[in-house]
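Examination of the molecular architecture
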Amino acid sequence: MSPSLFNFVDAKDKFTASARHALSGKSSKPLINIFNQIPGNETEKKTTLDQALRGVLGDLIVEQKPSCDDYLSLIYLSIDAVTEGICSATTPFVLLGDVLDCLPLDLCDKIFSFVEENVSTWKSNSFYTAGKNYLLRMCNDLLRRLSKSQNTVFCGRIQLFLARLFPLSEKSGLNLQSQFNLDNITVFNKNEQESTLGQKSTEEKEDGMEVEEGEMGEDDAPAPCSIPIDYNLYRKFWTLQDYFRNPVQCFDKFSWMTFLKYSDETLAVFKSFKLDDMQASKRKLEELRASGGEHVYFAKFLTSEKLMDLQLSDSNFRRHILLQYLILFQYLKGQVKFKSSSCVLNDDQTAWIEETTKLVYQLLREIPPDGDKFATMVEHILNTEENWNSWKNEGCPSFVKERTVDDKPKRPTRKRQAPEDFLGKGPDRKIFMGNDELTRLWNLNQDNMEACKSDSRSVVQKAREFMPSLDEFFAEAIEQADPANMVEEEYKVVRNPNYGWRALRLLSRRSPHFFQPTNQKFKSLADYLDSMVSKLAKELPKDIPSEEIKTGEEDDDDNGDNLLKDSNDSPSIQSKLVTNQQMDDIAAKLGAQWKMLASHLEMKASELREIETDSEDVDMQAKLLLVSWQDREGAQATVENLVTALNSAGFSQIADSLSEA
């Protein structure tokens with residue numbers, strides 16, 4: 001039996017009926033059941049369901065219900081259908097666009113509240129790619145219908161929604177070329193003959209003036225303006241708005257002279273007329289806060305001549321004007337990528353802008369209330385804006401750094417080496433001892449056991465003699481100590497901790513007097529070796545230049561005692577490094593309590609886990625702890641530092657035994 005063919009009309013009717021049923025029950029299960037029952041491929045059924053949902057929405061709009069609940073329920077239903085995979089991802093956005101196109105603005109406000117609340121849904125992977133262009137088009141259509149002066153808050157909500165929806169680097173939301181809104185023209189009276197500012201005050205009282213909501217009444221009226229306001233001041237003041245609208249005019253020589261003249265006069269008025277009596281403004285501000293803050297913001301300036309004295313007395317109005325100056329100055333001084341090469345300030349213009357900027361900030365601090373706080377906040381915001389300008393000049397690079405192929409995390413390798421590598425059975429047949437110097441020493445001979453078994457006391461025995469003589473070992477140090485060679489202190493071999501450790505071992509083997517106590521103190525091992533080198537230069541054969549080497553003490557020149565026999569100088573406990581035997585003794589005494597010492601040796605948790613992995617024996621773990629500490633500290637792995645750590649960890653007996661040893 002052949003499968004039944006897909007019937008678009010029949011499927012649409014079934015989807016329409018199930019959509020109404022799902023809408024009444026507020027559940028998407030009826031749609032899912034019908035979708036599974038209807039024959040046909042997925043694409044045909046999804047397209048049919050999309051058409052059915054739009055048809056149901058059209059019927060609801062025709063009914064002209066005063067409530068938006070049914071519209072929102074249908075959109076929620078389409079979101080669930082997208083999640084279940086039975087309709088296209090663009091369907092919710094198409095339905096939203098249809099609703100906003102057909103409803104009045106008061107209902108559109110409620111629908112847009114739903115859009116704002118579900119911004120996290122629109123940004124999810126299922127909806128963002130498919131719906132971002134629909135949402136952008138829908139918001140632009142709404143902005144065309146709204147009035148910026150009458151629906152200011154609604155317009156702002158749309159802009160904030162788009163800022164939350166799109167990433168910061170979205171090019172469609174950036175003014176990359178730094179273009180200005182040249183349509184924002186401030187209209188004012190430009191005919192002096194029609195001006196009423198020259199009339200007498202009695203005539204002004206007879207004419208009267210309507211007091212709009214949000215303006216001061218008779219009880220709240222400020223003190224009369226002490227600055228004579230004439231038509232020239234009125235014209236110059238509002239002419240400045242044209243420069244704020246299009247700052248490029250300031251780079252023209254004649255336009256700049258006009259701007260300079262008008263600005264000096266306007267700022268002089270602000271400077272001479274202080275706002276001291278703020279009681280009326282404070283009362284009005286408290287009333288506005290109590291009423292929810294409505295009717296505070298105006299999208300356009302009111303340029304009536306009769307309002308000029310009131311505007312000069314208003315702190316918010318002054319702040320708006322002064323803030324416009326700061327924004328203009330920032331553009332004129334800043335580096336803008338698309339600014340014309342001819343738009344460059346000369347030295348006089350730069351100096352005037354610097355002086356005027358200081359004056360503007362001073363005026364902002366003098367405006368009550370909270371003038372200092374407001375000026376500081378504005379300065380901080382404008383400084384932050386410099387980072388935004390720099391980012392745009394660089395072409396708006398993405399804030400997300402793409403990981404290169406080399407930076408991708410590699411598969412973690414085991415920390416312990418393979419046996420064939422560690423035991424010297426690999427290709428290079430090199431045994432690694434965990435330390436570069438020990439590895440070099442161990443691999444001097446391919447078969448160390450055979451070298452040790454040799455019975456010959458001549459050539460082989462001489463080859464096995466690894467301990468150098470004093471004159472061979474200290475020859476380089478003595479040569480560097482000669483002032484004639486001009487070797488800087490930091491490049492001398494005695495400053496090398498590895499060399500110092502070997503020098504101490506050599507001295508201890510060659511002279512039993514090395515361990516005798518002494519009252520002489522040395523700040524570091526390098527200082528001690530400098531003293532030893534100076535004395536050795538006098539003791540060793542004369543073919544080594546030493547006649548100009550300075551000694552640590554002048555009385556040693558006359559003394560001439562043999563260093564290897566009568567030397568009482570030895571490194572103090574501060575410079576003694578912990579020996580291998582001492583670490584073995586301490587590890588045996590610590591045992592399972594070695595972790596208590598680890599925290600006082602500033603060992604990391606990862607290092608402790610590695611120690612536990614390397615060995616299960618507690619004594620060996622304690623020994624590995626001390627070895628790791630010694631490798632990390634180097635020349636600072638002294639007996640004194642270890643004694644201090646043992647005392648801090650509560651092992652005072654072990655510390656005392658180490659000090660006595």
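Quantities reported herein were computed from a predicted structural model and do not represent experimental measurements.

**A short note on the overall build of the protein chain**
The secondary structure content of the protein chain amounts to 33 helices and zero strands. Per-residue burial over the protein chain gives 36% buried out of 661 residues. Nonlocal contacts in the protein chain, meaning residues at least 24 apart in sequence, comprise 71% of its contacts between residues at least 6 apart. When the accessible surface of the protein chain is summed, it comes to about 41,300 Å², and 50% of that surface belongs to carbon and sulfur atoms.

**Regarding the packing of aromatic side chains**
Counted by the stated rule, this structure contains 29 aromatic pairs. Note on Trp-256 and Trp-352: the rings are 5.4 Å apart at their centroids and 85° apart in plane angle, and the pair reads as edge-to-face. Here the residue Trp-256 occupies a position in helix H12 (residues 253-272), and Trp-352 occupies one in helix H16 (residues 347-366), the gap between them amounting to 96 residues. Residue Trp-352 is classed as buried on the basis of its relative accessible area, which comes to 12%. Between Tyr-325 and Phe-329 the ring centres are 5.9 Å apart and the planes differ by 50°, which places this aromatic pair in the tilted class. Here Phe-329 and Tyr-325 lie together in helix H15 (residues 315-333), a separation of four residues that amounts to about one turn. Like Tyr-325, the residue Phe-329 is buried in the burial classification. One aromatic cluster is present, built from ring pairs that chain together Tyr-243, Phe-244, Trp-256, Phe-259, Tyr-325, Phe-329 and Trp-352. The lysine or arginine in question, Arg-137, covers the ring of Tyr-134, its NZ or CZ lying 5.5 Å from the ring centre. Looking at Arg-319, its charged tip hangs above the ring of Phe-374, at a distance of 4.5 Å from the centre.

**Observations regarding the confidence of the model for the protein chain**
A residue-level look at the protein chain finds 77% of positions with pLDDT of 70 or above and a mean pLDDT of 79. Within the protein chain, no element has a lower average pLDDT than helix H27 (residues 563-566), which sits at 40, and none a higher one than H16, at 95. Taken together, the stretch residues 200-224 has pLDDT below 50 and engages in 23 contacts with residues farther than four places along the chain or on a different chain. Taken as a whole, residues 544-574 scores under 50 in pLDDT and shows 62 contacts with residues more than four places along the chain or in a different chain.

**Some thoughts on the nonpolar core**
Counting 56 residues, the largest nonpolar core has Tyr-71, Ile-111, Trp-122 and Phe-161 as the members making the most contacts within it. It is helix H4 (residues 69-84) that contributes the most residues to this core, eight residues altogether. Excluding its chain neighbours within four sequence positions, the residues that come into contact with Trp-122 are Ile-79, Phe-93, Leu-96, Phe-114, Val-115, Phe-127, Tyr-128, Leu-135, Phe-161 and Leu-165. With 47 residues, the next largest nonpolar core counts Leu-233, Tyr-243, Phe-317 and Val-360 among its residues.

**Thoughts on the environment of Arg-318**
By the secondary structure assignment, Arg-318 is in helix H15. C-alpha of Arg-318 to C-alpha of Phe-270: the two residues are 48 residues apart in sequence and 8.0 Å apart in space. There is a polar contact of 3.1 Å between the side chain of Arg-318 and the backbone oxygen of Phe-270.

**A word on the pattern of salt bridges**
Here the structure, examined in full by the defined rule, presents 17 salt bridges. We note a salt bridge from Lys-595 to Glu-612, for which the minimum N-O separation is 2.3 Å. Of this pair, Lys-595 sits in helix H29 (residues 594-598) while Glu-612 sits in helix H30 (residues 605-614); the two residues are 17 residues apart in sequence, bridging distant segments of the chain. Residues joined in a network through salt bridges with shared partners are Glu-489, Lys-492, Arg-495, Asp-527 and Asp-530.

**Some points on unusual backbone geometry**
Here the bond from Pro-368 into Pro-369 is cis, since omega is -5°, no more than 30 degrees from zero. One can find Pro-369 in the loop between H16 and helix H17 (371-393). Backbone geometry places Cys-396, a non-glycine residue, at a positive phi of 55°. Notably, Met-486 is not glycine yet its phi reads approximately 50°, a positive angle. Turning to its location among the elements, Met-486 is positioned in the loop between helix H23 (475-481) and helix H24 (497-510). Assessed through its relative accessible area of 72%, Met-486 is described here as exposed.

Analysis parameters
- Each chain carries its own residue numbering, running from 1 in the written order of its sequence.
- Side-chain atom pairs in this predicted model are given and counted only at pLDDT of 80 or more, local residue features only at pLDDT of at least 70, and totals for whole chains, interfaces and linings cover all residues.
- Excluding hydrogens and water, the side-chain values take into account all heavy atoms of the structure.
- Secondary structure is summarised from DSSP: a helix means a run of H or I of at least four residues, a strand means a run of E of at least two, and numbering begins at the N terminus for each.
- Buried means the residue's accessible area, taken with a 1.4 Å probe over protein chains only, is under 20% of the maximum for its type, while exposed means over 50%, and partly exposed covers the values in between.
- Pairs of residues are marked as contacts when any of their non-hydrogen atoms sit within 4.5 Å.
- A 1.4 Å probe and the Shrake-Rupley method give the accessible areas. Residues count as covered only by the protein chains that appear here.
- Aromatic pairing here means that ring centres of Phe, Tyr or Trp (its six-membered ring) are within 6.5 Å. Orientation follows from the plane angle: under 30 degrees is stacked, over 60 is edge-to-face, and everything else is tilted.
- In this scheme, the term charge over a ring applies when either NZ of a lysine or CZ of an arginine sits within 6 Å of the ring centre and within 35 degrees of the ring normal.
- Confidence scores here are pLDDT values: one per residue, from the predictor, ranging 0 to 100.
- In this description, a nonpolar core means a group of buried Ala, Val, Leu, Ile, Met, Phe, Trp, Tyr and Cys residues linked to one another through side-chain atoms lying within 4.5 Å.
- In the analysis that follows, any N or O atom pair within 3.5 Å is treated as a polar contact, provided that within protein one partner can donate a hydrogen and the other can accept it, and provided that, for residues neighboring in sequence, both atoms belong to side chains.
- One speaks of a salt bridge when a side-chain nitrogen belonging to Lys or Arg is within 4 Å of a carboxyl oxygen belonging to Asp or Glu.

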